[in-house]
Amino acid sequence: MLAFGLTVVRQRKLVGLSVDKTDVFLLFWFTSGETQCNKDGLLQGQKIDAPLSDIGTRQSEAAGLYLRDVKFTNVFVSDMKRAKQTAEIIVRNNRTCHDIELLSDPSLKERCFGIAEGGQVKDMKNMAKAAGQPLPEFTPPEGETIEQVKARVKDFLQAMFQRIVNDHQDKIQDEIPIPKLDGPLAGLPDDGLLGVPVHALVVGHGAYMSIAMLYFIEDLKCSMPYGSHPARRFSLCPNTGMCRFVITLKCNNADIALSDIQCVFINRRNHTK
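Presented here is a report on the structure given in the accompanying data block. In this numbering scheme, every chain counts its residues from 1 along its sequence in written order. Thresholds applied to this predicted model are a pLDDT of at least 70 for local features of residues and 80 or more for the giving and counting of side-chain atom pairs; totals over whole chains, interfaces and linings are not thresholded and use all residues. Side-chain figures throughout are based on the complete set of non-hydrogen atoms in the structure, without hydrogens or water.

**Concerning unusual backbone geometry**
Peptide bonds are trans in most cases, and residues, glycine excluded, mostly fall at negative phi. The phi angle at K221 is positive, at roughly 60°, despite the residue not being glycine. The phi angle at T240 is positive, at roughly 50°, despite the residue not being glycine. Secondary structure counts use DSSP, requiring at least four H or I residues in a row for a helix and at least two E residues in a row for a strand, with both numbered from the N terminus. Within the secondary structure layout, T240 lies in the loop between α6 (206-219) and β7 (242-252). Residue class for T240 comes out buried when judged on its relative accessible area of 0%. Classification of residues uses two cut-offs on accessible area relative to the type maximum, computed with a 1.4 Å probe and protein chains only: under 20% is buried, over 50% is exposed, and between them is partly exposed.

**Points about the packing of aromatic side chains**
Note on aromatic contacts: the rings of Phe and Tyr and the six-membered ring of Trp form a pair at centre separations within 6.5 Å, being stacked when their planes are under 30 degrees apart, edge-to-face when over 60 apart, and tilted otherwise. Under the definition given, this model contains 6 aromatic pairs. Ring geometry for F216 and F245: centres 5.1 Å apart, planes at 70°, overall edge-to-face. With F216 in helix α6 and F245 in strand β7, the pair connects residues that are 29 residues apart, well separated along the chain. The two residues F216 and F245 agree in class, both being buried. One aromatic cluster is present, formed by W29, F76, F156 and Y208 through successive ring pairs. A cation sits over an aromatic face here: R268 above F265, 3.8 Å from the ring centre. Whether a charge lies above a ring is judged from NZ of Lys or CZ of Arg, which has to be within 6 Å of the ring centre and within 35 degrees of the ring normal.

**Focus: helix α3 (residues 81-92)**
Take the residue count of a helix, subtract one, and multiply by 1.5 Å to get its expected span. With 12 residues, α3 extends 16 Å from end C-alpha to end C-alpha; this agrees with the ideal 16 Å at 1.5 Å per step. Within the span of α3, buried status applies to R82, A83, T86, A87, I89, I90 and V91.

**Details of the nonpolar core**
One finds W29, F76, F156, L157, F216 and F245 to be the most contacted residues of the largest nonpolar core, which totals 35 residues. Residue contacts are defined here by distance: any two heavy atoms, one from each residue, within 4.5 Å place the two residues in contact. Dropping the residues within four chain positions of it, L157 is found in contact with W29, Y215, F216 and L220. To define a nonpolar core, start from buried Ala, Val, Leu, Ile, Met, Phe, Trp, Tyr and Cys residues and group those joined through side-chain atoms within 4.5 Å. Counting 21 residues, the second-largest nonpolar core is a separate cluster that includes V70, C97, I100 and V246.

**Let's talk about the packing of helix α5 (residues 146-167) against α6**
Between α5 and α6, the least distance of the axes is 9 Å, while the angle of their chain directions is 80°. One finds that α5 runs roughly perpendicular with respect to α6. Contact with α5, carried on its side by I146, V149, K150, R152, V153, K154, F156 and L157, involves Y208, I211, A212, L214, Y215, F216, E218 and D219 of α6 and no other residues of that element. Classifying every residue of the contact of α5 with α6 by side-chain character gives 11 nonpolar, no polar and 5 charged. Simply put, an axis is a line fit to the C-alpha atoms, just over the touching stretch for a helix, and the angle between two N-to-C directions goes from 0 to 180 degrees. Any angle that falls under 35 degrees is termed roughly parallel, while one over 145 is termed roughly antiparallel, one within 65 to 115 roughly perpendicular, and all others oblique. Residue polarity is assigned by list, with Asp, Glu, Lys and Arg as charged and Ala, Val, Leu, Ile, Met, Phe, Trp, Tyr, Cys and Pro as nonpolar; anything else, Gly included, falls into the polar class.

**Section: the side chain of Q44**
Within the secondary structure, Q44 sits in the loop between α1 (36-40) and α2 (54-66). Among the residues examined, Q44 registers a relative accessible area of 6% and is labelled buried. For the purposes of these results, a polar contact is taken to be a pair of N or O atoms within 3.5 Å, where, inside protein, one atom must be able to donate a hydrogen and its partner to accept one; residues adjacent in sequence count only when each atom of the pair is a side-chain atom. Within the local environment of Q44, its side chain forms a polar contact with the side chain of T35, the two groups lying 2.8 Å apart.

**Overview of the packing of α2 against α3**
At their nearest, the axes of α2 and α3 sit 7 Å apart, and the two run at 40° to each other. In terms of their interaxial angle, α2 and α3 are classed as oblique. Here the hand of the crossing between α2 and α3 comes out right-handed. From α2, T57, S60, E61, A63 and G64 reach across to α3, where they touch T86, I89, I90 and R92. Of the residues assigned to the contact of α2 with α3, the class counts are 3 nonpolar, 4 polar and 2 charged. Throughout, a crossing is termed right-handed when the near helix is turned clockwise from the far one, and left-handed when it is turned anticlockwise from it by less than a right angle.

Structure follows, in C-alpha coordinates:
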(Lines give C-alpha, C1' and ligand atoms only; values in the text may rest on other atoms or scores of the structure.)
Protein backbone atom coordinates (compact mmCIF):
# COMPACT_ATOMS: atom_id res chain seq x y z
CA MET A 1 0.00 0.00 0.00
CA LEU A 2 1.79 3.06 -1.21
CA ALA A 3 0.66 6.61 -0.61
CA PHE A 4 1.77 9.82 -2.31
CA GLY A 5 1.26 13.46 -1.62
CA LEU A 6 1.40 15.27 -4.93
CA THR A 7 2.08 18.98 -5.34
CA VAL A 8 1.63 20.39 -8.83
CA VAL A 9 3.10 23.77 -9.74
CA ARG A 10 1.47 25.08 -12.92
CA GLN A 11 2.94 27.90 -14.98
CA ARG A 12 0.57 29.82 -17.24
CA LYS A 13 1.37 32.68 -19.58
CA LEU A 14 -0.95 35.66 -19.20
CA VAL A 15 -0.47 38.65 -21.55
CA GLY A 16 3.12 37.61 -22.23
CA LEU A 17 3.90 36.97 -18.57
CA SER A 18 4.61 33.67 -16.83
CA VAL A 19 2.43 33.31 -13.73
CA ASP A 20 3.08 30.50 -11.25
CA LYS A 21 0.07 28.42 -10.26
CA THR A 22 0.11 25.68 -7.63
CA ASP A 23 -2.01 22.56 -7.26
CA VAL A 24 -1.50 20.29 -4.25
CA PHE A 25 -2.48 16.61 -4.50
CA LEU A 26 -2.11 13.58 -2.27
CA LEU A 27 -1.60 10.12 -3.71
CA PHE A 28 -2.03 6.88 -1.72
CA TRP A 29 -0.49 3.76 -3.28
CA PHE A 30 -1.15 0.31 -1.78
CA THR A 31 0.09 -3.17 -2.55
CA SER A 32 -2.66 -5.77 -2.81
CA GLY A 33 -3.85 -7.96 0.05
CA GLU A 34 -2.73 -11.55 0.61
CA THR A 35 -3.75 -14.41 -1.69
CA GLN A 36 -3.61 -18.15 -1.03
CA CYS A 37 -0.55 -18.24 -3.29
CA ASN A 38 1.22 -15.81 -0.95
CA LYS A 39 0.35 -18.08 1.96
CA ASP A 40 1.63 -21.16 0.09
CA GLY A 41 4.92 -19.46 -0.83
CA LEU A 42 4.20 -19.39 -4.58
CA LEU A 43 5.58 -16.77 -6.93
CA GLN A 44 2.55 -15.19 -8.65
CA GLY A 45 3.93 -12.52 -10.95
CA GLN A 46 1.62 -12.04 -13.93
CA LYS A 47 0.84 -15.66 -14.74
CA ILE A 48 -1.26 -16.37 -11.63
CA ASP A 49 -4.20 -14.01 -11.28
CA ALA A 50 -5.41 -15.20 -7.89
CA PRO A 51 -8.18 -13.58 -5.81
CA LEU A 52 -7.70 -12.37 -2.25
CA SER A 53 -7.65 -14.93 0.54
CA ASP A 54 -9.77 -14.44 3.66
CA ILE A 55 -6.74 -12.85 5.32
CA GLY A 56 -6.21 -10.61 2.28
CA THR A 57 -9.82 -9.48 2.47
CA ARG A 58 -9.44 -8.64 6.16
CA GLN A 59 -6.19 -6.76 5.44
CA SER A 60 -7.96 -4.70 2.78
CA GLU A 61 -10.92 -4.02 5.07
CA ALA A 62 -8.49 -2.80 7.75
CA ALA A 63 -6.73 -0.54 5.23
CA GLY A 64 -10.06 0.91 4.15
CA LEU A 65 -11.12 1.60 7.72
CA TYR A 66 -7.73 3.15 8.50
CA LEU A 67 -8.19 5.67 5.66
CA ARG A 68 -11.99 5.93 5.79
CA ASP A 69 -11.92 9.71 6.33
CA VAL A 70 -9.66 10.41 3.33
CA LYS A 71 -11.78 11.77 0.47
CA PHE A 72 -10.23 10.07 -2.58
CA THR A 73 -10.74 11.99 -5.81
CA ASN A 74 -8.98 9.55 -8.20
CA VAL A 75 -8.37 5.80 -8.02
CA PHE A 76 -5.87 3.92 -10.23
CA VAL A 77 -5.48 0.15 -9.99
CA SER A 78 -3.59 -2.73 -11.59
CA ASP A 79 -5.70 -4.88 -13.90
CA MET A 80 -4.92 -7.98 -11.81
CA LYS A 81 -7.71 -9.49 -9.69
CA ARG A 82 -6.03 -9.21 -6.28
CA ALA A 83 -5.32 -5.51 -6.76
CA LYS A 84 -8.82 -4.75 -8.06
CA GLN A 85 -10.42 -6.49 -5.09
CA THR A 86 -8.17 -4.60 -2.66
CA ALA A 87 -9.08 -1.26 -4.24
CA GLU A 88 -12.80 -2.08 -4.24
CA ILE A 89 -12.72 -2.94 -0.53
CA ILE A 90 -10.75 0.18 0.41
CA VAL A 91 -13.15 2.42 -1.50
CA ARG A 92 -16.23 0.62 -0.16
CA ASN A 93 -15.13 1.38 3.40
CA ASN A 94 -14.60 5.06 2.65
CA ARG A 95 -17.14 7.47 4.13
CA THR A 96 -17.25 9.89 1.20
CA CYS A 97 -16.26 8.23 -2.10
CA HIS A 98 -17.61 4.66 -2.14
CA ASP A 99 -18.99 5.16 -5.67
CA ILE A 100 -15.83 6.62 -7.27
CA GLU A 101 -14.63 5.20 -10.61
CA LEU A 102 -11.69 2.77 -10.48
CA LEU A 103 -9.36 3.28 -13.46
CA SER A 104 -7.62 0.02 -14.41
CA ASP A 105 -4.08 0.40 -15.79
CA PRO A 106 -2.02 -2.58 -17.08
CA SER A 107 1.22 -0.64 -16.53
CA LEU A 108 0.64 -1.28 -12.78
CA LYS A 109 0.67 -5.05 -13.29
CA GLU A 110 3.10 -7.07 -11.12
CA ARG A 111 6.62 -7.76 -12.39
CA CYS A 112 6.85 -10.75 -14.73
CA PHE A 113 9.10 -13.49 -13.32
CA GLY A 114 9.14 -15.64 -16.47
CA ILE A 115 9.68 -19.36 -15.97
CA ALA A 116 9.77 -18.91 -12.18
CA GLU A 117 6.08 -17.94 -12.00
CA GLY A 118 3.90 -20.56 -10.38
CA GLY A 119 6.86 -22.13 -8.58
CA GLN A 120 8.03 -21.69 -5.01
CA VAL A 121 9.63 -18.39 -4.04
CA LYS A 122 12.48 -20.39 -2.53
CA ASP A 123 13.18 -21.91 -5.95
CA MET A 124 13.75 -18.47 -7.44
CA LYS A 125 16.03 -17.64 -4.52
CA ASN A 126 18.07 -20.71 -5.42
CA MET A 127 18.14 -19.63 -9.09
CA ALA A 128 19.48 -16.22 -8.09
CA LYS A 129 22.10 -17.79 -5.83
CA ALA A 130 23.25 -20.10 -8.62
CA ALA A 131 23.56 -17.08 -10.92
CA GLY A 132 25.61 -15.24 -8.29
CA GLN A 133 23.13 -12.36 -8.06
CA PRO A 134 21.13 -10.80 -5.22
CA LEU A 135 17.49 -11.84 -5.44
CA PRO A 136 16.06 -8.34 -6.14
CA GLU A 137 18.44 -7.90 -9.10
CA PHE A 138 17.96 -11.36 -10.57
CA THR A 139 15.84 -11.78 -13.72
CA PRO A 140 14.66 -15.35 -14.43
CA PRO A 141 14.57 -16.51 -18.06
CA GLU A 142 11.65 -14.87 -19.90
CA GLY A 143 11.14 -12.46 -16.99
CA GLU A 144 11.14 -8.66 -16.89
CA THR A 145 14.37 -6.84 -16.09
CA ILE A 146 14.47 -4.04 -13.54
CA GLU A 147 14.86 -1.51 -16.36
CA GLN A 148 11.77 -2.84 -18.12
CA VAL A 149 9.69 -2.46 -14.96
CA LYS A 150 11.12 1.03 -14.41
CA ALA A 151 9.89 1.95 -17.88
CA ARG A 152 6.37 0.85 -16.90
CA VAL A 153 6.58 2.87 -13.67
CA LYS A 154 7.63 5.94 -15.67
CA ASP A 155 4.77 5.46 -18.14
CA PHE A 156 2.23 5.15 -15.33
CA LEU A 157 3.47 8.23 -13.49
CA GLN A 158 3.28 10.36 -16.62
CA ALA A 159 -0.27 9.20 -17.38
CA MET A 160 -1.37 9.63 -13.77
CA PHE A 161 0.07 13.14 -13.45
CA GLN A 162 -1.67 14.18 -16.65
CA ARG A 163 -5.00 12.74 -15.52
CA ILE A 164 -4.86 14.43 -12.12
CA VAL A 165 -3.91 17.80 -13.59
CA ASN A 166 -6.71 17.53 -16.17
CA ASP A 167 -9.30 16.46 -13.59
CA HIS A 168 -8.54 19.20 -11.06
CA GLN A 169 -8.01 22.40 -13.02
CA ASP A 170 -10.39 24.12 -10.59
CA LYS A 171 -8.02 23.46 -7.69
CA ILE A 172 -5.24 25.62 -9.16
CA GLN A 173 -4.32 28.52 -6.88
CA ASP A 174 -1.68 31.24 -6.79
CA GLU A 175 1.46 31.06 -4.68
CA ILE A 176 0.76 28.02 -2.50
CA PRO A 177 4.08 27.22 -0.79
CA ILE A 178 5.52 23.81 -1.62
CA PRO A 179 5.31 21.81 1.64
CA LYS A 180 8.41 20.43 3.33
CA LEU A 181 8.36 17.56 5.79
CA ASP A 182 10.63 17.95 8.81
CA GLY A 183 11.03 15.86 11.95
CA PRO A 184 9.42 12.60 13.11
CA LEU A 185 5.81 11.67 12.31
CA ALA A 186 3.04 10.94 14.78
CA GLY A 187 2.13 7.60 13.20
CA LEU A 188 -1.41 8.75 12.34
CA PRO A 189 -3.50 8.14 9.18
CA ASP A 190 -3.19 11.80 8.19
CA ASP A 191 0.63 11.99 8.44
CA GLY A 192 1.85 14.09 5.53
CA LEU A 193 -1.62 14.98 4.24
CA LEU A 194 -0.84 18.69 4.54
CA GLY A 195 -4.51 19.70 4.36
CA VAL A 196 -4.80 19.50 0.56
CA PRO A 197 -8.14 18.83 -1.19
CA VAL A 198 -7.21 16.27 -3.88
CA HIS A 199 -6.36 12.66 -2.94
CA ALA A 200 -5.55 9.87 -5.41
CA LEU A 201 -5.42 6.18 -4.55
CA VAL A 202 -3.22 3.65 -6.41
CA VAL A 203 -3.30 -0.10 -5.77
CA GLY A 204 -0.57 -2.32 -7.20
CA HIS A 205 1.92 -5.05 -6.22
CA GLY A 206 4.94 -5.69 -3.99
CA ALA A 207 7.80 -6.50 -6.38
CA TYR A 208 6.66 -3.72 -8.73
CA MET A 209 6.67 -1.31 -5.78
CA SER A 210 10.21 -2.24 -4.76
CA ILE A 211 11.42 -1.32 -8.23
CA ALA A 212 9.30 1.84 -8.19
CA MET A 213 11.10 2.84 -4.98
CA LEU A 214 14.43 2.19 -6.71
CA TYR A 215 13.29 4.45 -9.55
CA PHE A 216 12.11 7.18 -7.18
CA ILE A 217 15.36 7.25 -5.21
CA GLU A 218 17.99 6.66 -7.91
CA ASP A 219 16.36 8.27 -10.95
CA LEU A 220 14.04 10.90 -9.47
CA LYS A 221 16.29 11.75 -6.47
CA CYS A 222 13.54 11.25 -3.92
CA SER A 223 14.32 12.49 -0.40
CA MET A 224 13.77 9.92 2.33
CA PRO A 225 11.77 10.14 5.59
CA TYR A 226 13.26 11.52 8.77
CA GLY A 227 15.16 8.77 10.59
CA SER A 228 14.47 6.09 7.93
CA HIS A 229 16.83 3.10 7.78
CA PRO A 230 18.64 2.70 4.41
CA ALA A 231 18.09 -1.08 4.50
CA ARG A 232 14.30 -0.59 4.29
CA ARG A 233 14.33 1.56 1.16
CA PHE A 234 14.23 -1.29 -1.35
CA SER A 235 12.70 -3.98 0.84
CA LEU A 236 9.67 -5.86 -0.48
CA CYS A 237 6.50 -3.97 0.39
CA PRO A 238 4.25 -6.37 2.40
CA ASN A 239 0.61 -7.12 1.61
CA THR A 240 -1.34 -3.88 2.12
CA GLY A 241 1.87 -2.13 3.18
CA MET A 242 1.65 1.63 2.68
CA CYS A 243 4.17 4.25 1.57
CA ARG A 244 3.47 7.94 1.06
CA PHE A 245 5.17 10.67 -0.96
CA VAL A 246 4.87 14.38 -1.66
CA ILE A 247 5.44 15.10 -5.35
CA THR A 248 5.91 18.52 -6.94
CA LEU A 249 5.22 18.99 -10.65
CA LYS A 250 5.91 22.01 -12.85
CA CYS A 251 3.53 22.49 -15.74
CA ASN A 252 3.85 24.90 -18.62
CA ASN A 253 0.84 24.72 -20.90
CA ALA A 254 0.64 21.02 -21.90
CA ASP A 255 4.08 20.09 -20.53
CA ILE A 256 4.39 18.45 -17.09
CA ALA A 257 7.77 17.90 -15.43
CA LEU A 258 8.71 16.52 -12.03
CA SER A 259 10.25 19.16 -9.79
CA ASP A 260 10.56 17.39 -6.43
CA ILE A 261 9.61 14.16 -4.66
CA GLN A 262 9.63 13.56 -0.90
CA CYS A 263 8.94 10.27 0.87
CA VAL A 264 6.75 10.59 3.96
CA PHE A 265 7.03 6.96 5.12
CA ILE A 266 7.76 3.47 3.77
CA ASN A 267 5.87 0.17 4.09
CA ARG A 268 3.62 1.28 6.96
CA ARG A 269 1.13 -1.30 8.27
CA ASN A 270 -0.44 0.53 11.23
CA HIS A 271 -3.90 -0.49 10.01
CA THR A 272 -3.18 -4.18 10.71
CA LYS A 273 -2.39 -3.65 14.41
